[in-house]
Amino acid sequence: MSDLSFPVPLWVWAAVTLGIGAMLAVDLLAHRDNHVIGFREAAVWSGVWIAAGLGFGLVLLVWQDGDVATTYYAGYLIEKALSVDNVFVFALVFSFFAVPDAYQHKVLFWGVIGALAARLVFIFVGAELLRVFFWTAYLFGAFLIWTGWKMAASKDEEVHPDRNPVVRLVRKVVPTDARFHGDRFFTRVDGRRMATLLFVVLVAIEATDLVFAVDSVAAILAITTNTFLVWTANAFAVLGLRSLYFCLAGLLRRFRYLHYGLAVLLAFAGVKLILSETPVGKLPIPLTLGVIAATITVSLTWSLIATRDRPGGDDGPAAAPGTAGTTGTAPAEHGPDPGASSTRSRTDRPPPRPR
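Described in the following lines is the structure provided in the data block. (Residues numbered from 1 in each chain as written. Predicted model: local features only at pLDDT ≥ 70, side-chain atom pairs only at ≥ 80, totals over all residues. Heavy atoms only, no water.)

1. Examining the overall build of the protein chain
1) Next: Along the backbone of the protein chain there are eleven helices and two strands.
2) Next: For the protein chain, the α and β elements follow one another from N to C terminus as α-α-α-α-α-α-β-β-α-α-α-α-α.
3) Next: Considering the protein chain as a whole, with its 355 residues, one finds that 52% of them fall into the buried category.
4) Next: For the protein chain, long-range pairs separated by at least 24 residues make up 82% of all intrachain contacts whose partners lie at least 6 apart in sequence.
5) Next: Accessible surface, the protein chain as shown: approximately 15,300 Å² in total, 67% of it carbon and sulfur. (Helix = DSSP H or I, 4+ residues; strand = E, 2+ residues; numbered from the N terminus. Buried < 20%, exposed > 50% of the residue type's maximum accessible area, 1.4 Å probe, protein only. Contact = heavy atoms within 4.5 Å. Areas by Shrake-Rupley, 256 points an atom, 1.4 Å probe, with all protein chains shown as cover.)

Printed below as a string of structure tokens:
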């Protein structure tokens, strides 16, 4: 691992954070009418966010040097790759709760804000632990290797959003109406303020993302403990998560082998983290960047070739996001009971990608 220590003035932290906030505000204003986001629009926005992430690396190259920029790009690339796994779970949650397409962007917008906040906390805590207690590198490394093995070995494990302990706790603590009320998270029913089903969906998204946040932050800390680089790589990767979802949601079944590539990346990050505290020392950043790029390329190519004659994969055509029981163009009057188990078959859902 590399700390790549260089001074980052407080005003730079503030400027970058405000810039990220401004980009989020632009995204919110562009989708304030809750329209259904098509592939073309999502692709354009994905291009905008990717350009912003790559452009920031060029800023680092001019401001610092090639080592800093390369380290940032390695972190950004691994975070971007891991974010694809988020997309699988988002599709599962939206399909499970039959969320209309028009409301999915709002849920993901607030979900991204929560994801950024969680990652910021994990970044500073994790980096400080690695600096103060060298042996935590072994713990983080072992955790990443175990997570990679679990991802590769349990790809067919069923996931039930309604059984998430955080979701169940919210239903017990917060009075909830098991219906959608437009795009509102809270409403009044018979004069009583209640959470809507859309709020339950948001909680499910946030709760599952906490697991992804731990994995992704630990993976990038294996590359560098420089909190500024870790934060910016995470932030720019997560910013494009919503657009990435709308781009890929209809093609998820074609990425049937991607989870093997992500498992390799997590295990590689774990090995790299452990080696950094041994006589072997840190692996060169160019080698790390090459392994990440090669792994993603091979797993994606393998997936696309294997499913080239079957766009929907082995389990039939992939369901469009949020279309289970809804048209996606109008609010659903009723949603599934958050306290009940789903009766849909597995072929009605996107393929689960558990952690």
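Text resumes after the structure shown.
2. Some thoughts on the packing of helix 3 (residues 66-96) against helix 8 (residues 227-239)
Packed helix pairs are specified by the crossing angle of their axes together with the interaxial distance, meaning the distance between the axes.
1) Next: Contact geometry of helix 3 with helix 8 gives a least axis separation of 8 Å together with a crossing angle of 40°. Considering their axes alone, helix 3 and helix 8 lie oblique with respect to each other. For the pair helix 3 and helix 8, the crossing hand works out as right-handed. Seen from helix 3, the contacting residues are V68, T71, Y72, G75, Y76, E79 and K80; seen from helix 8, they are L229, T232, A233, N234, F236 and A237.
2) Next: Looking at the contact of helix 3 with helix 8, its residues break down into seven nonpolar, four polar and two charged. (Axes fitted to C-alpha atoms, helices over the stretch in contact; angles between N-to-C directions. Parallel < 35°, antiparallel > 145°, perpendicular 65-115°, else oblique. Left-handed = near helix turned anticlockwise from the far one by under 90°. Nonpolar A, V, L, I, M, F, W, Y, C, P; charged D, E, K, R; others polar.)

3. A short note on the packing of aromatic side chains
1) Next: Per the stated rule, a full pass over the model turns up 15 aromatic pairs.
2) Next: Look at Y72 and Y76: their rings are 6.0 Å apart centre to centre, the planes differ by 20°, and that puts the pair in the stacked class. Remark: Y76 and Y72 occur in helix 3; sequence separation between them is four residues, near one turn of the helix.
3) Next: Accessibility expressed as a relative area gives 4% for Y76, which makes it buried. (Phe/Tyr/Trp six-rings, centres within 6.5 Å; stacked < 30°, edge-to-face > 60°.)

4. Observations concerning helix 1 (residues 10-30)
1) Next: In a regular helix each residue adds 1.5 Å, so 21 residues correspond to 30 Å; helix 1 covers 30 Å between its end C-alpha atoms and thus fits that length.
2) Next: Every buried residue of helix 1 is listed here: V12, W13, V16, I20, L24 and D27. The buried residues of helix 1 occupy an angular sector of 115° when projected down its axis, which confines them to one face. More than 90 degrees from the buried face of helix 1, the exposed residues found are L10, W11, L18 and L29.
3) Next: In this structure, the buried side of helix 1 is in contact with helix 2 (39-63), helix 4 (101-132), helix 8 and helix 9 (241-248). (Expected span 1.5 Å × (residues − 1). Arc of directions from axis to C-beta.)

5. Structural notes on helix 3
1) Next: Between the first and last C-alpha of helix 3 there are 45 Å, a value that for 31 residues agrees with the 45 Å anticipated at 1.5 Å per step.
2) Next: Most of helix 3 is tucked away: 26 of the 31 residues are buried.
3) Next: Between the side-chain oxygen of the N-cap and the backbone nitrogen of D67 there are 3.1 Å, and the N-cap of helix 3 in question is D65.
4) Next: In the stretch just after helix 3, A98 is the one whose phi turns positive, near 55°. (Polar contact = N/O pair within 3.5 Å; in protein donor to acceptor, adjacent residues only side chain to side chain.)

6. Some remarks on the pairing of strand 2 (residues 192-195)
Regular strands show a simple pattern: their side chains alternate between the two faces of the sheet.
1) Next: Two strands pair when backbone bridges link them, and strand 1 (residues 186-189) and strand 2 are joined in this way by four bridges, in the antiparallel orientation. Note that in strand 2 the partner of V189 across the bridge is R192.
2) Next: Here strand 1 folds back onto strand 2 in antiparallel fashion, the turn holding two residues, of which D190 has a positive phi close to 55°. (Pairing = 2+ DSSP bridges.)

7. Some points on the environment of H105
1) Next: With respect to the secondary-structure elements, H105 resides in helix 4.
2) Next: In this structure H105 comes out as buried when scored by relative accessible area, which is 7%.
3) Next: Considering only alpha carbons, one finds H105 and F246, 141 residues apart in sequence, at a separation of 8.8 Å.

8. Here's the deal with empty space enclosed by the protein
Leftover empty space is mapped by rolling, across the atoms, a probe with the size of a water molecule.
1) Next: The tally for this structure, following the rule as stated, stands at three cavities of 30 Å³ or more.
2) Next: In this structure, the largest cavity occupies an estimated 50 Å³ of space.
3) Next: What lines the largest cavity is a set of eleven residues, among which E79, S83, N86, R119 and S216 lie closest to the centre.
4) Next: Going through the elements one at a time, helix 3, helix 7 (197-221) and helix 8 are the ones with two or more residues in the lining of the largest cavity.
5) Next: With four residues, helix 3 is the largest single contributor of residues to the lining of the largest cavity.
6) Next: Of the residues in the lining of the largest cavity, the class split is four nonpolar, four polar and three charged.
7) Next: One number sums up the size of the second largest cavity: a volume of about 40 Å³.
8) Next: Secondary structure elements with two or more residues in the lining of the second largest cavity: helix 4 and helix 7.
9) Next: Ranked by the residues each element gives to the lining of the second largest cavity, the list is headed by helix 4, at four residues. (1 Å grid on protein atoms, 1.4 Å probe; cavity = no way out; pocket = protein on both sides within 12 Å on 5 of 7 lines; lining within 4 Å. Points joined across faces, edges and corners; volume = space filled by probe spheres on them.)

9. Some details on the side chain of S303
1) Next: Structurally, S303 can be placed in helix 11 (residues 285-306).
2) Next: For S303, a relative accessible area of 0% corresponds to the buried category.
3) Next: Excluding its chain neighbours within four sequence positions, the residues that come into contact with S303 are R254, F255, R256, Y257 and L258.

10. Looking at the environment of R188
1) Next: Tracing the backbone through its elements, the reader meets R188 in strand 1.
2) Next: Since its relative accessible area comes to 56%, R188 is described here as exposed.

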